[in-house]
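Here are the chains, one letter per residue:
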Amino acid sequence: MERKEFKVLVFTLDNENYAADIMDIERILEYVTPTIMPDLPLFIEGVINYEDRILPIVNLNKKFNMKSSERTRENKIIVVKDGDTKVGMIVDVVSEVRDINVSQVEKAPDIASKVSKRYIKGLIKNNEKLIIYLDLAKILSDDEKEALK
């Protein structure tokens, strides 16, 4: 049976609202400066120690070719789980957890590129403002995930 409502975490990147299914998120961490590693892709900020494991940290602003703002206390790291793999993703601000009805979600528009269609689940209609609904587990390509192991 398909669910009619689900919970999303709403966050901002470069003043735009994004959402991700709460079931894909393991934890929200305070921002800590990652340890920089050589030869990582530009959108990988570095790594942190998380539960005695090395957690790669993705800068979503860089991944989406948006301007990166200065780090503040508002920044958070969202720990995303994808099977056995865990990745941290930096967001500007975490705003809320909200209930969404499936009727509020429209499919991604055709103007989205093939790459972004991989991880954009759709657009959530929220009064007059749209929230971009992401599949955080699919933001990294299989090749990128492999490179991080």
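Calculation notes
Residues numbered from 1 in each chain as written. Predicted model: local features only at pLDDT ≥ 70, side-chain atom pairs only at ≥ 80, totals over all residues. Heavy atoms only, no water. Helix = DSSP H or I, 4+ residues; strand = E, 2+ residues; numbered from the N terminus. Rg over C-alpha atoms; globule rule 2.2 N^0.38 Å. Buried < 20%, exposed > 50% of the residue type's maximum accessible area, 1.4 Å probe, protein only. Contact = heavy atoms within 4.5 Å. Areas by Shrake-Rupley, 256 points an atom, 1.4 Å probe, with all protein chains shown as cover. Lys, Arg positive; Asp, Glu negative; His and termini not counted. Charge placed at Lys NZ, Arg CZ, Asp CG, Glu CD. Pairing = 2+ DSSP bridges. Axes fitted to C-alpha atoms, helices over the stretch in contact; angles between N-to-C directions. Core = buried A, V, L, I, M, F, W, Y, C linked by side-chain atoms within 4.5 Å. pLDDT = per-residue confidence, 0-100.

## Focus on the overall build of the protein chain
A count of helical and extended segments in the protein chain gives three helices and 11 strands. In terms of overall size, the protein chain behaves like a compact globule, its C-alpha atoms giving a radius of gyration of 15 Å where 149 residues would be expected to give roughly 15 Å. The dimensions of the protein chain, computed from C-alpha atoms along their principal axes, are 45 × 30 × 30 Å. The buried share of the protein chain, taken over its 149 residues, is 46%. The long-range share in the protein chain, meaning contacts at least 24 apart out of those at least 6 apart in sequence, stands at 54%. Split by element, the accessible area of the protein chain, about 9,100 Å² in all, is 51% carbon and sulfur. For the protein chain, the separation between the mean place of its 24 positive charges and that of its 27 negative charges on side chains is 2 Å.

## Some words on the sheet that holds strand β7 (residues 85-91)
Reading across the sheet, the five strands line up as β3-β6-β7-β5-β4 and stay open at both edges, with mixed pairing between neighbours. The sheet is open, and its two edges are formed by β3 (25-30) and β4 (44-50), each paired on a single side. Direction aside, the axes of adjacent strands within the sheet are offset by 30° on average. Two strands pair when backbone bridges link them, and strand β6 (residues 76-82) and β7 are joined in this way by seven bridges, in the antiparallel orientation. Residue pairing in the sheet places Lys76 in a bridge with Val91 of β7.

## A word on the environment of Leu136
Structurally, Leu136 is set in the loop between β11 (129-134) and α3 (142-148). Separated by 116 residues in sequence, Leu136 and Ala20 have C-alpha atoms that sit 6.6 Å apart. Discounting chain neighbours no more than four positions away, the residues touching Leu136 are Phe11, Ala20, Ile25, Ile78, Val80 and Met89.

## Some points on the sheet that holds strand β1 (residues 5-13)
Strand pairs in the sheet, formed through backbone hydrogen bonds, run parallel or antiparallel to each other. Taken in spatial order, the six strands line up as β8-β1-β2-β11-β10-β9 in an open sheet, and their pairing is mixed. Either end of the sheet is taken by a strand with one partner, and the two such strands are β8 (93-101) and β9 (105-106).

## Concerning the nonpolar core
Nonpolar side chains in soluble globular proteins tend to end up buried together. In terms of nonpolar packing, the biggest core is built from 24 residues, with Phe11, Leu60, Phe64, Leu134 and Leu136 touching the most fellow members. At the level of secondary structure, the elements contributing two or more residues to this core comprise β1, β2 (16-21), β6 and β7. Judged by nonpolar contacts, the second largest core, of nine residues, contains Leu29, Tyr31, Leu55 and Ile57.

## Focus on unusual backbone geometry
Phi angles above zero are rare outside glycine, and Asp14 is one such case at about 50°. Mapped onto the secondary structure, Asp14 falls in the loop between β1 and β2. Non-glycine residue Asp52 carries a positive phi angle of around 60°. Considering the arrangement of structural elements, one finds Asp52 in the loop between β4 and β5 (53-59).

## Observations regarding the confidence of the model for the protein chain
Here the protein chain averages 88 in pLDDT, while 95% of its residues score no lower than 70. Considering each helix and strand of the protein chain separately, the mean pLDDT is smallest for helix α2 (residues 114-119), with a value of 71, and largest for β3, with 96.

## Regarding the pairing of β2
Buried residues dominate β2, accounting for five of its six residues. Pairing geometry for β1 and β2, over six bridges, is antiparallel. From the neighbouring strand, Val8 faces β2, where its bridge partner is Asp21. Where β1 folds back onto β2 in an antiparallel hairpin, the turn is made up of two residues, including Asp14, whose phi is positive at roughly 50°.

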